[in-house]
2 protein chains.
Amino acid sequence: MADTFVVVGGDAAGMSAASKAKRDDPDLDVVVFERGEYVSYGACGLPYYVKGDIERLDDLVAVTPEEFREERDVDLRTGHEVVAIDREARRVTVEADGRTLEQPYDQLLVATGARATKPPVEGVDAEGVFTLRDMEAGGEIRSFVEETEPGTVGIVGGGYVGLEMAEAFDARGIDVHVFEMLPHVLQPFGEPVAEVVEEHLGEQGVTLHLDTPVSHLVTDAGRVVGVHAGGEETPVDFVLVGTGIRPNVELAAEAGIELGPTGAIAHDAYGRTNDERVFAAGDCAEATNLVTAEADYVPLALTANRHGRAIGQTVTGEPTEVGGMVGTAVVKVFDLEVARTGIIDGEEARDAGFDPVSATIRAESRAHYYPGGSPITIQLVGDGETGRLLGASMVGREGVAKRIDSVVTALHAGMTVAEVETLDLAYAPPFSPVWDPVLTAAKVLGGKLD
Amino acid sequence: MADTFVVVGGDAAGMSAASKAKRDDPDLDVVVFERGEYVSYGACGLPYYVKGDIERLDDLVAVTPEEFREERDVDLRTGHEVVAIDREARRVTVEADGRTLEQPYDQLLVATGARATKPPVEGVDAEGVFTLRDMEAGGEIRSFVEETEPGTVGIVGGGYVGLEMAEAFDARGIDVHVFEMLPHVLQPFGEPVAEVVEEHLGEQGVTLHLDTPVSHLVTDAGRVVGVHAGGEETPVDFVLVGTGIRPNVELAAEAGIELGPTGAIAHDAYGRTNDERVFAAGDCAEATNLVTAEADYVPLALTANRHGRAIGQTVTGEPTEVGGMVGTAVVKVFDLEVARTGIIDGEEARDAGFDPVSATIRAESRAHYYPGGSPITIQLVGDGETGRLLGASMVGREGVAKRIDSVVTALHAGMTVAEVETLDLAYAPPFSPVWDPVLTAAKVLGGKLD
């Protein structure tokens, strides 16, 4: 009898693993349980669906359930929720339509994803309070906005999702208030870059309430009508909570799968948990940060896809390391491109044993004489002891999203700041000054590291 | 008495060296001889001046002669041509305004640049035949175009300059014919990328004559009136020759400074020639290609600036390596960004001892559901024996110019194609698919290298 590979969760990690395993070993039985109706969807596109740039929710779907079933021969069961893992008996318990079934496995992948968190304040469960937790939620928010034509939104949290949604709501003519408990938006991007973003948000008409934790949401007859923060109440028609996500680890933890220091599921270089037949990948699992060489929790799409794919190979008998990451992220905030990679935060760097030295520069995106250029702000961080590059953050109207990738590659290679300064980066007047802003940043930081 | 550092040539390499040396050692006497009137100018911007995107020729000047003299305290003498170097006596002979003077040096930098070549065919010296050799020539071409309002131009050579000038002339309503003797334009970018560029040029209304060496230029009363190529005559109102440049090595060679295998001036890791008091940098000198670890001639702006700056440090007593390059170039061709780095050409790779394997992919510049994306074509080349990355070429309407930089950095680090596949490159729907096109290319090439 053929081996059975069971996958719990049908998004990026799960479907990548299932597809890859079935492609590499057509004899393998591959069964995927997904509790929702959508699989393999681009959750990162939801803000643009709400904004209206993307017409249909289905447009976000990369591969449909039918395609997985018919073209990729994966036994995909949507509307099926795995409620227990019996590692001794090697089977999972699944609930669907009120029925319960048992599915044996030879190898199992836990790819249960993550869920949006809500701050523990009064009113967060009222009507009119949304999170962008999944496709269904994206659909609800857009319907709500189109049907009720609200005038004002309170966004709780100034992270990626909060700011992407600020752009989406603003495009629909909604007055946007963002409440951030920290002194700056986009905490992982560092202060110099955040300040540029904040100025831009102000220019776009977004009202920022920084350093302002929400004390409670004001409700009326079970509906949210205001945000109470910093001693003041802002009347709103609805609220979007974007305060981060938490890994869905309960199913695994109850089965004795070990969690790591970050609270996400721990796994080895091949994505294996403490049970050699059980793998974990995607937003429920940790990943190795190559800068610190330690486990980290940075749940993003590329890591999920990559880990899933590697595990799909490993389960077919071709052991493949899942690989590490360096915490790269890029986000569009209105007209700005904002990107980061590696370790930027001083405290985080010191905790990892580094002696962080930082430099921030501002340079033009094009040759000084070429029209249409705009400033790029770059913060570059290096280790005072070894000279090693630790991370970077940057922001500008153009040429940022992919400019970060040279720094990403340098981090993977373990380059020093001095080595970055010698890179033969691309130059032509429409695209860069002769000294690319990354080189200028490395030169300035190098001067401080000497 | 203070030491004297003499620089021959006042463009990127020369002025970078002069400025850096004077800044680091204010006691050093720094004398620069430039035979023209302009120094430190952005020759790369000339096509955009001709196009009209840049209003005044002076806008291309980064630092004026007055600023060098007054703010940077460099003894800059424009209109002064160095005609001989006496290495025994350590002095140069200079001609200016019909006078001849002798200038002693303790250390000398030869930064004599390069000149535009012309093919050895009849008619190339006729009236109405231009090269874009320097600022003065840029001024002449724009004046000619504005004053005579020509209808048709023949461009000889489909390299960077030829195609940038095609865009410039087309923007002025001139009918453009490009004559290229090779089967494709942009030879250093490889065939797959060149084909995309050729299609785009056709869409823009440029007439390409590929595989069509010019046999002669047709003249009438000393003026060019046609291009004879491939057995046919194309009537033109003027001709722009962009068939490459040649290093100005005569001054150095006559003084016994050694040239390298490429025909440009040879120098060591610090930019020193065979005479320890004589340095060479910029478009007259070689540079080390880090992919082959051999001397190469890729005369581009960043290398000139970088080598000049390093030599400026070395002459003040802080020995600084000039660093290598990987042959990175990017060019805008109408609406396309076209970029390359490393070794792409199969023959060139084999000559350097590699076993080149190439893969070409086409991927989208944005997430599949995000509007406004466009295809990016990437050719990636690796070494079949070691799996090492050798080079890349890419083209697309957006996201190419700086996307090449991740490959550049990987080349500097000596990464394998398999390592490139693991890079944590930036992803967000407006800027990239989850798997960046570079990762997709590495995956496909990796499959061929296995």
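Cut-offs applied
- Residues numbered from 1 in each chain as written.
- Chains lettered and ligands numbered in written order.
- Predicted model: local features only at pLDDT ≥ 70, side-chain atom pairs only at ≥ 80, totals over all residues.
- Heavy atoms only, no water.
- Pairing = 2+ DSSP bridges.
- Helix = DSSP H or I, 4+ residues; strand = E, 2+ residues; numbered from the N terminus.
- Axes fitted to C-alpha atoms, helices over the stretch in contact; angles between N-to-C directions.
- Contact = heavy atoms within 4.5 Å.
- Disulfide = S-S within 2.5 Å.
- Buried < 20%, exposed > 50% of the residue type's maximum accessible area, 1.4 Å probe, protein only.
- Domains from an automatic or database assignment.
- Buried area = accessible area lost by both parts, 1.4 Å probe.
- Salt bridge = Lys/Arg side-chain N within 4 Å of Asp/Glu carboxyl O.
- Polar contact = N/O pair within 3.5 Å; in protein donor to acceptor, adjacent residues only side chain to side chain.
- Nonpolar A, V, L, I, M, F, W, Y, C, P; charged D, E, K, R; others polar.
- Least-squares fit on C-alpha atoms with pLDDT ≥ 70 in both.
- Phe/Tyr/Trp six-rings, centres within 6.5 Å; stacked < 30°, edge-to-face > 60°.
- Lys NZ or Arg CZ within 6 Å of the ring centre and 35° of its normal.
- Core = buried A, V, L, I, M, F, W, Y, C linked by side-chain atoms within 4.5 Å.
- pLDDT = per-residue confidence, 0-100.

**So, the sheet that holds strand β22 (residues 336-342) of chain A**
Think of a sheet as strands paired side by side through backbone hydrogen bonds, with each pair either parallel or antiparallel. Residue and element names in this part refer to chain A. Pairing is antiparallel across the open sheet formed by five strands, whose spatial order is β21-β22-β25-β24-β23. Unpaired on one side and paired on the other, β21 (329-333) and β23 (356-364) mark the two borders of the sheet. Ignoring strand direction, the axes of neighbouring strands in this sheet form an average angle of 15 degrees. Here β21 pairs with β22 via five bridges, running antiparallel. The residue of β22 that forms the bridge with V331 is V338. In this fold helix α10 (residues 404-412) packs onto β22 and β25 (389-396), with an angle of close to 170 degrees to the strand it touches most, β25.

**Concerning the state of the cysteines**
Residues and elements named next belong to chain A. All chains considered together, the criterion is met by zero disulfides over all chains. In this structure C44 is a free cysteine whose sulfur lies 16 Å from that of C284, the closest cysteine sulfur available. For C44, a relative accessible area of 29% puts it in the partly exposed group.

**Here we look at the domain arrangement of chain A**
Residue and element names in this part refer to chain A. What the domain assignment lists for chain A is domain 1 (4-115 + 246-315), domain 2 (118-243) and domain 3 (338-449). Averaged C-alpha coordinates put domain 2 and domain 3 at centres separated by 31 Å. Across the contact, eleven residues belong to domain 2 and twelve residues belong to domain 3. Of the roughly 820 Å² buried between domain 2 and domain 3 on both sides combined, carbon and sulfur atoms contribute 68%. It is F189, P192 and V193 in domain 2 that bury the most area against domain 3; as a group they hold 53% of the surface buried on that side. Summed over the shared surface of domain 2 and domain 3, the result is zero salt bridges. Seen at the junction of domain 2 and domain 3, the total is two residue pairs in polar contact (both at pLDDT 80 or more). Tallied by class, residues from the side of domain 2 that touches domain 3 come to seven nonpolar, three polar and one charged.

**Thoughts on the relation of the copies chain A and chain B**
Each copy superposes on the other: chain A lies on chain B with an RMSD of 0.0 Å after a rotation of 180 degrees and an axial shift of 0.0 Å. What the rotation and shift describe, once combined, is the action of a two-fold rotation axis. By C-alpha distance to the rotation axis, the residue of chain A lying nearest is S406(A), at 2.1 Å. Both copies share a contact surface, since 100% of the interface residues of chain A are interface residues in chain B too.

**What to know about the interface of chain A and chain B**
Counting from both sides, the interface comprises 57 residues of chain A and, opposite them, 57 residues of chain B. Between chain A and chain B, a total of about 4900 Å² is buried, with carbon and sulfur atoms accounting for 67% of that surface. Among the ionic pairs, K402(A) bridges to D436(B), the shortest N-O distance being 2.5 Å. Taken together, the elements giving at least two residues each to the side of chain A that touches chain B come down to α8 (301-314), β21, α10 and α12 (437-449) of chain A. It is α10(A) that provides the largest number of residues to the side of chain A that touches chain B, a total of seven residues.

**Thoughts on the side chain of T273(B)**
Residues and elements named next belong to chain B. Take T273: it is sitting in the loop between α7 (250-254) and β18 (278-280). The class of T273 is buried, set by a relative accessible area of 9%. Not counting residues within four places of it along the chain, the set of residues in contact with T273 comprises I257, I265, A266, H267, V278, F279 and A280.

**Remarks on the sheet that holds strand β14 (residues 223-229) of chain B**
Residue and element names in this part refer to chain B. The strand order across the open sheet built from three strands is β13-β14-β15, with neighbouring strands paired in antiparallel fashion. Two strands close off the open sheet at either side, each with one partner strand: β13 (214-220) and β15 (232-235). Adjacent strand axes in the sheet meet at a mean angle of 30 degrees when their direction is disregarded. Summarising the sheet, β13 and β14 pair through six bridges and their orientation is antiparallel. The residue of β14 that forms the bridge with T219 is V224.

**Re the packing of aromatic side chains**
Under the definition given, this model contains 14 aromatic pairs over all chains. Centroid distance F169(A) to F238(A): 5.0 Å. Interplanar angle 90 degrees. Geometry classified as edge-to-face. Taken as a pair, F169(A) in helix α5 (residues 160-171) and F238(A) in strand β16 (residues 238-241) lie far apart in primary sequence, 69 residues in all. Neither F169(A) nor F238(A) differs from the other in exposure class; each is buried. Arranged with centres 5.1 Å apart and planes meeting at 55 degrees, the rings of F144(B) and F238(B) form a pair that is tilted. Here F238(B) lies in strand β16 (residues 238-241) and F144(B) lies in helix α4 (residues 135-148), a separation of 94 residues in the sequence. The two residues F144(B) and F238(B) agree in class, both being buried. Site record: aromatic cluster; members linked through ring pairs are F130(A), F144(A), F169(A) and F238(A). Between the NZ or CZ atom of R142(A) and the centre of the ring of Y49(A), over which it lies, the distance is 4.3 Å.

**Focus on the environment of A43(A)**
As for its position among the elements, A43(A) is in the loop between β2 (29-34) and α2 (46-51). Between the alpha carbons of A43(A) and A363(A) there is a distance of 34 Å; along the sequence they are 320 residues apart.

**Focus on the nonpolar core**
Across soluble globular proteins, nonpolar side chains have a tendency to be buried as a group. I141(B), I155(B), F169(B), V197(B) and V338(B) are the most contacted members of the largest nonpolar core, which totals 134 residues. Beyond its immediate chain neighbours, meaning those up to four positions away, V338(B) contacts L186(B), F189(B), V193(B), V197(B), A329(B), V330(B), V331(B), V333(B), M394(B), V395(B) and V400(B). Core analysis: the second largest hydrophobic core is formed by 47 residues, I141(A), V176(A), V197(A) and A301(A) among them.

**Let's talk about the pattern of salt bridges**
All names here are of chain A. Under the counting rule described, the total for this entry stands at 48 salt bridges over all chains. The salt bridge partner of K22 is D73, with a shortest N-O separation of 3.7 Å. Here K22 is found in helix α1 (residues 12-24), whereas its partner D73 is found in the loop between α3 (65-70) and β3 (75-78), with 51 residues between them in sequence. A relative accessible area of 48% means that D73 is categorised as partly exposed. Between E102 and R91 there is a salt bridge whose closest N-O contact spans 3.1 Å. Residue E102 is found in strand β6 (residues 99-104), and its partner R91 is found in strand β5 (residues 91-96); the two are separated by eleven residues along the sequence. On the accessibility criterion, E102 (43% relative accessible area) is partly exposed. Residue classification places R91 among the partly exposed positions, given a relative accessible area of 35%. Salt bridges sharing partners connect three or more residues here, namely K51, D53, E167 and K332.

**As for the confidence of the model for chain A**
On average, residues of chain A carry a pLDDT of 97, and 100% of them reach 70 or more. Here the complex is predicted with pTM 0.97, and the ipTM for its interfaces comes to 0.97.

**Regarding the pairing of strand β4 (residues 81-86) of chain A**
Note on strand geometry: in a regular strand, side chains alternate between the two faces of the sheet. Residues and elements named next belong to chain A. Two strands pair when backbone bridges link them, and β4 and β5 are joined in this way by five bridges, in the antiparallel orientation. When the sheet's bridge partners are listed, V82 is paired in β5 with V94. Linking β4 to β5, which pair antiparallel, is a turn of four residues; within it R90 sits at a positive phi near 55 degrees.

**Quick look at unusual backbone geometry**
All names here are of chain B. Not every positive phi belongs to a glycine, and S40 is a case in point at roughly 50 degrees. Positive phi, close to 55 degrees, is recorded for R90, a residue that is not glycine. Within the element layout of this structure, R90 appears in the loop between β4 (81-86) and β5 (91-96). Judged by its relative accessible area of 33%, R90 falls in the partly exposed class.

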